[in-house]
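Coordinate inspection notes
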Amino acid sequence: MSATTTRPAGTAATGTATGAPSMARDRAAGAGRGLRSVALALASVLLLAALWEGTKLLVPDDGWSVGEVRLLPRTTDLAMPHVSDMVARLVEPVTSARGAPALWEAVVLAAATSLRIAAVGWVIGVVVGFALALVMQRFRLAESAVLPLVILSQTVPLIALAPLVKGWGNKLELGSFVWEPWMSVAVIASYLAFFPVAVGALRGLQSPDAIHRELLRAYAAGWAQTLLRLRLPASVPHLLPALRLAAASAVIGTVVAEVSTGMPGGTGRMILEQANFASSDPAKPWAPIFGAVALGLVASGVVVLLGAGLRRYRRAEVAA
Amino acid sequence: MTGRAPTGVAVLHRAAPVVLGLVLLVAWQLAVVVGDVPAFLLPSPTAIVGELVDLWPTISSASLSSGRNALVGLLVGAVVGIGAAVLAATVRVVDALLGPLVAGLAVVPIVALAPVLYTMYGAASEVGRQLVVAITVVVPVFVTTLRGLRQVRPVHRDLMRALGATRRQATAAVTVPTAMPFVFTGLRLASSLAVISAIVAEYFGGPRSGIGSFITTAAAGSNYARAWAFVLGGVVVGLVFYGATLALERWGSRGGQP
Amino acid sequence: MSAVAVEATGVGRTFPGRSGTSVTALEGVDLTVAAGEFVSLIGPSGCGKSTLLRLVADLDRPTSGTLTVFGRSPEQARLAHDYGIAFQQAGLLPWRTVRANIELPLSMHGVGRTARRRRASDLLALVGLTDFAEHFPDQLSGGMQQRVAIARALAEEPSLLLMDEPFGALDEMTRERLQTELVRICAETRAAVVFVTHSIPEAVFLSDRVVVMSARPGRIRDVVDVSLGRGTDRDDDLRQDAAYFDAVTRVRAALHDEAGHAVRARGAEVR
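**Some points on the overall build of chain A**
A tally of helices and strands in chain A yields 10 helices and two strands. Going residue by residue from the N terminus, the α and β elements of chain A occur as α-β-β-α-α-α-α-α-α-α-α-α. Counting the 320 residues in chain A, one finds 40% classified as buried. Considering only intrachain contacts with a sequence separation of at least 6, the fraction spanning at least 24 residues in chain A is 69%.

**Some points on the packing of aromatic side chains**
Applying the stated criterion across every chain, the model contains eight aromatic pairs over all chains. With a centroid separation of 6.4 Å and 75° between ring planes, the pair formed by B:Trp28 and B:Trp228 is classed as edge-to-face. Remark: B:Trp228 occurs in helix H10 (residues 224–252) and B:Trp28 occurs in helix H1 (residues 7–34); sequence separation between them is 200 residues. For B:Trp28, a relative accessible area of 24% puts it in the partly exposed group. In this structure an aromatic cluster arises from ring pairing among A:Trp52, A:Trp286 and A:Phe290. Here A:Lys284 stacks its cationic end above the ring of A:Phe277, 3.8 Å away from the centre of that ring.

**Some thoughts on the confidence of the model for chain C**
Residue and element names in this part refer to chain C. Per-chain confidence: chain C averages 87 in pLDDT, with 93% of residues scoring 70 or above. Overall, residues 264–271 carries pLDDT values under 50, and its contacts beyond four positions in sequence, including any with other chains, amount to 18 contacts. Predicted complex metrics record ipTM = 0.80 and pTM = 0.79.

**Some words on the sheet that holds strand S5 (residues 83–86) of chain C**
All names here are of chain C. Spatial ordering of the open sheet is given by S5-S6-S7-S3-S8-S9, a layout of six strands whose pairing is mixed. Edge positions in the sheet fall to S5 and strand S9 (219–225), since each has one partner strand and no second. Shown here is a sheet whose adjacent strand axes are inclined to one another by a mean of 15°, direction ignored. The pairing of strand S3 (residues 38–42) with strand S7 (residues 192–197) spans five bridges and is classified as parallel. What sits directly across from phenylalanine 38, in S7, is valine 193. Set on the sheet, helix H8 (residues 242–255) makes contact with S3, strand S8 (209–214) and S9; between it and S9 the angle comes to about 165°.

**Quick word on the pattern of salt bridges**
Across all of its chains, the model carries 26 salt bridges over all chains by this definition. Taking the shortest distance from any N to any O, the salt bridge between C:Arg184 and C:Glu188 comes out at 3.7 Å. On the criterion of helical spacing, the pair formed by C:Arg184 and C:Glu188 is a turn pair, its members being four residues apart in helix H6 (residues 172–189). Salt bridges sharing partners connect three or more residues here, namely B:Arg161, C:Asp58, C:Arg61, C:Glu75 and C:Arg78.

**Comments concerning the interface of chain B and chain A**
Chain B puts 41 residues into the contact, and the matching count from chain A is 57 residues. Our enumeration of links across chain B and chain A arrives at zero salt bridges. At the junction of chain B with chain A, the criterion picks out five residue pairs in polar contact (both at pLDDT 80 or more). Sorting the residues of the side of chain B that touches chain A by element identifies H1, helix H4 (92–107), helix H5 (114–121), helix H6 (127–149), helix H8 (167–201), helix H9 (211–220) and H10 of chain B as the ones contributing at least two each. Taken together, the residues of the side of chain B that touches chain A break down into 34 nonpolar, six polar and one charged.

**Here we look at the domain arrangement of chain C**
All names here are of chain C. Each domain of chain C was delimited in the assignment, giving domain 1 (4–82 + 158–266) and domain 2 (92–157). Centre-to-centre, using C-alpha coordinates, domain 1 lies 25 Å away from domain 2. Contact with domain 1, which involves 15 residues of that partner, is made by 12 residues of domain 2. Both faces combined, the contact of domain 1 with domain 2 buries some 1100 Å², and carbon together with sulfur accounts for 72% of it. The three residues of domain 1 that bury the most area against domain 2 are His81, Pro158 and Ile185, which together make up 40% of that side's buried surface. The tally of links from domain 1 across to domain 2 stands at zero salt bridges. Among the elements of the structure, strand S6 (160–164) and H6 are those that each provide at least two residues to the side of domain 1 that touches domain 2. The dominant element in the side of domain 1 that touches domain 2, judged by the number of residues it contributes, is H6, at seven residues. Split into classes, the residues belonging to the side of domain 1 that touches domain 2 amount to nine nonpolar, three polar and three charged.

**A closer look at the pairing of strand S2 (residues 22–34) of chain C**
Every other side chain in a regular strand lies on the same face of the sheet, so the side chains alternate between the two faces. Of the strand pairs in this sheet, strand S1 (residues 4–16) of chain C and S2(C) are connected by nine bridges, and their pairing is antiparallel. Following the sheet pairing, C:Val11 is matched in S2(C) by C:Val29.

**Topic: the sheet that holds S2(C)**
Residues and elements named next belong to chain C. An order of S2-S1-S4 is seen for the three strands of this open sheet, with the pairing classed as antiparallel. Since the sheet does not close on itself, it has two edges, and those belong to S2 and strand S4 (64–69), each with one partner. Each strand of the sheet is rotated relative to its neighbour by a mean of 20°, with strand direction disregarded.

**Things to note about the side chain of A:Ser235**
Relative to the elements of secondary structure, A:Ser235 occurs in helix H8 (residues 223–261). Setting aside anything within four residues of it in sequence, one finds A:Ser235 in contact with A:Gly204 and A:Leu205.

**Here we look at a nonpolar patch on the surface**
Residues and elements named next belong to chain A. Taken together, the side chains of Trp64, Val66, Val69, Leu71 and Leu72 present a nonpolar region at the surface, about 420 Å² in accessible area. With three residues, strand S2 (residues 69–72) is the single largest residue contributor to the nonpolar patch. Take valine 66: it is sitting in strand S1 (residues 64–66).

**Quick word on the nonpolar core**
Core analysis: the biggest nonpolar cluster contains 103 residues, and A:Trp122, A:Leu243, B:Phe204 and B:Trp228 have the highest contact counts within it. Sorting elements by how many residues they give to this core places H8(A) first, with 14 residues. If we skip the residues at most four places from it in the chain, A:Leu243 touches A:Trp122, A:Val126, A:Val197 and A:Val303. Within the second largest apolar cluster, 51 residues are counted, among which are C:Val148, C:Ala151, C:Phe195 and C:Tyr244.

**What about helix H6 (residues 181–205) of chain A?**
Residues and elements named next belong to chain A. Under the 1.5 Å per step criterion, the end-to-end length of H6 is 36 Å for 25 residues, consistent within 8% with the ideal 36 Å. At alanine 193, H6 is bent by approximately 30°, the largest bend along its length, and proline proline 196 sits one to four residues beyond. Across the 25 residues of H6, 19 count as buried, placing the element largely inside the fold.

**Concerning the side chain of B:Ser213**
Residues and elements named next belong to chain B. Following the sequence through the fold, serine 213 ends up in helix H9. Taking the relative accessible area as the measure of exposure, serine 213 reaches 1% and is therefore buried. When neighbours within four sequence positions are excluded, serine 213 is seen to be in contact with Arg129, Glu202, Pro207 and Arg208.

**Quick word on unusual backbone geometry**
Residue and element names in this part refer to chain C. With a phi angle near 55°, histidine 81 is a residue other than glycine that sits in the positive phi range. You will see that glutamate 165, though not glycine, has its phi angle at about 45°, which is positive. Position of glutamate 165 relative to the elements: it lies in the loop between S6 and H6. The class for glutamate 165 is buried, based on a relative accessible area of 8%.

**Here we look at the pairing of S5(C)**
Residues and elements named next belong to chain C. Residues of S5 alternate between two faces, with Tyr83 and Ile85 on one and Gly84 and Ala86 on the opposite face, all of them buried. Of the pairings in the sheet, the one linking S5 to S6 comprises four bridges and is parallel in character. Looking at the pairing, tyrosine 83 lines up with leucine 160 of S6.

**Section: the environment of B:Phe241**
Secondary-structure assignment places B:Phe241 in helix H10. Contact partners of B:Phe241, with chain neighbours within four places excluded, come to B:Gly67, B:Ala70, B:Leu71, B:Leu74, B:Ser191 and B:Val195.

**Overview of the environment of C:Thr24**
Residue and element names in this part refer to chain C. Looking at where threonine 24 falls in the secondary structure, it is placed in strand S2. Relative accessible area serves as the criterion here: at 28%, threonine 24 is assigned to the partly exposed category. With near-sequence residues (within four places) excluded, threonine 24 lies in contact with Arg13, Thr14, Pro217 and Gly218.

Cut-offs and rules
- Residues numbered from 1 in each chain as written.
- Chains lettered and ligands numbered in written order.
- Predicted model: local features only at pLDDT ≥ 70, side-chain atom pairs only at ≥ 80, totals over all residues.
- Heavy atoms only, no water.
- Helix = DSSP H or I, 4+ residues; strand = E, 2+ residues; numbered from the N terminus.
- Buried < 20%, exposed > 50% of the residue type's maximum accessible area, 1.4 Å probe, protein only.
- Contact = heavy atoms within 4.5 Å.
- Phe/Tyr/Trp six-rings, centres within 6.5 Å; stacked < 30°, edge-to-face > 60°.
- Lys NZ or Arg CZ within 6 Å of the ring centre and 35° of its normal.
- pLDDT = per-residue confidence, 0-100.
- Pairing = 2+ DSSP bridges.
- Axes fitted to C-alpha atoms, helices over the stretch in contact; angles between N-to-C directions.
- Salt bridge = Lys/Arg side-chain N within 4 Å of Asp/Glu carboxyl O.
- Polar contact = N/O pair within 3.5 Å; in protein donor to acceptor, adjacent residues only side chain to side chain.
- Nonpolar A, V, L, I, M, F, W, Y, C, P; charged D, E, K, R; others polar.
- Domains from an automatic or database assignment.
- Buried area = accessible area lost by both parts, 1.4 Å probe.
- Patch = residues over 30% accessible without salt bridge, like charges linked within 9 Å, V, L, I, M, F, W, Y side chains within 5 Å.
- Areas by Shrake-Rupley, 256 points an atom, 1.4 Å probe, with all protein chains shown as cover.
- Core = buried A, V, L, I, M, F, W, Y, C linked by side-chain atoms within 4.5 Å.
- Expected span 1.5 Å × (residues − 1).
- Bend = angle between axes of the 7 residues up to and from the residue.

Here is the structure:
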């Protein structure tokens, strides 16, 4: 449908003048949309809280069981603390020791530690994943051989890798370089992160239409030129969702790897530690969970921001 | 179809991953034996297979336990995910509320909920783990199903309107068949997630019945060959789930493009 | 049922655009299609011919004027299954066989199993696709898919056929063949037809009257009477007939505006 608007002859010179107000209008519309999303996000959090309290209210103290299997959980204050209790606990000190910091401070500290490690893991995963994708795109045989094994690699539970990575890391002697526990965690996180990048980047690099590929062929462009001029720009809509997914995977990998390598100081360890207080201080275990949630949101938020400047390559974004 | 590669090349491509896998296995065995790598660093494939054979009963029952949790979680999560997607496709408000919720769930480590779920359901219950799996599964199933429900081509929508179809007729004739391939894809994506989540949830406590628990115990006792034997069990379960959902997806998309 | 298939009086359709601008797709359209008459709508892109067809089909509502189909509102006509429609993309459901696609309107409107099968078989024979009854759409060429779409449009023996450039995506030879078939089928079933096209030869070959439209805003510029005899008399020889060339010239002239500027229509060459 050709949506042309007839413009009287004299307005050609004022083209820029009519352009500016409509741009401002678009920006205002965008800000309005942003506000709306924030409001909706808050609304869904409130919905969750309402669901929680509703369950506490309606389900009996001992839960609801069918035979031996408890289908609905125990709803005592010990098993399911009120949302208000969880929030209140956050501002209280971590331990009863003197000078102990507030719980939320400890959570933020642990989350920041984990975030740094996840970031390293993400970067490694992205580099390795993208390199693999390049190789698989260049050589069809490499794709046939490597891709199934890459998919298979993701069926191996992380916990098995922890001692492996730790042991090898300790063996690594490069001058004064010492293998620290957090590096094992980062490597395991990268193991989870490289997969979506490899798959997404490969799909993106293979996405250009035949007519575009033939166009570059007609210009006598080699593989490297085609990569730079065609495949890389074309892969952006596939790559960005993959990078988001990789960030989420890196966070998950970090949390789980912290548990399996026994690394202190991170969110994963804190979750396990605070779980011991379930019977004495029921709201406490929830704090690091909130920390983990925040961790995931921040990680993917950062990656989304990274993609913000690549607008013109994203005109046909494909979901991961 | 024209332009197919000669069958020799096709066979080469089919065999490539198997060949590469075998090469890696052999290299692994050689590296351990020749390089005299101690077992705590990297157990040899033969040692792992030895443990697999020795502990077969334990491994298979642990695999079944984790597999059962994964299956229950997958089914529950799939039902909830599909139901929520149908609701979101029909009621605008539900879609607006669920959107940020699912987007948030997609990026947070759901296994972090495992300890509190064990508290809520009791340390001896498997339901906590199944819930972790279910919540993990809801995300890809919801997202793909919702996308499928929105994939109806405009020309088909016009056709239904032109034929004076009722809402139910249009849904049965066009919306559901269009969405089915997407649902199966979502299930396939969710299947491997389900198995991994089930196993990982076992690291965070609860009854010591599944693969994850045994891996942790073996690793803690520095018996890495045994740990890897259990890992193999987990990998097999994962492959079975993937294969089953892949077959379902293939069967579901015959006679129509996704 | 009245003897007038479609009656449009002052019909207009305006689409609201972003930030205040609006697009007038159609304006002040007056048109009468008699029962059994074959009318083509032709004009350049943006002249509103597809919009007009969609208004008749009740796939869209006019913003001004009145429109009746067989004396009723378009919505009533749609719900009463008074018309059959064929789109530019065949729009076949890819998970149904050819036969099942043709049976779709029948099964949705409560026709019994045996009656459906019989009707589908008749239609398959009519469009020459009996051997492909159990094939799936993706196994058929574009021309064959369009034939299935036409068969589907005829399934309920409608008195009005609406066709939106059904042959647009086909090559010239297939087009000509399908045109010959279509004009024969329509003459036999005595249905009224509103046919949207880009092609002057096609419009002339098929129609009793050609409605020439212009763009910005969409309105009827002229109506050309193509007096080439009844549909049943039209065959491939007609394409070489002097009267045919004359009609094509008249339609082409109508497509030029007063200042002599050509308002270009696709496929305007007469071979």
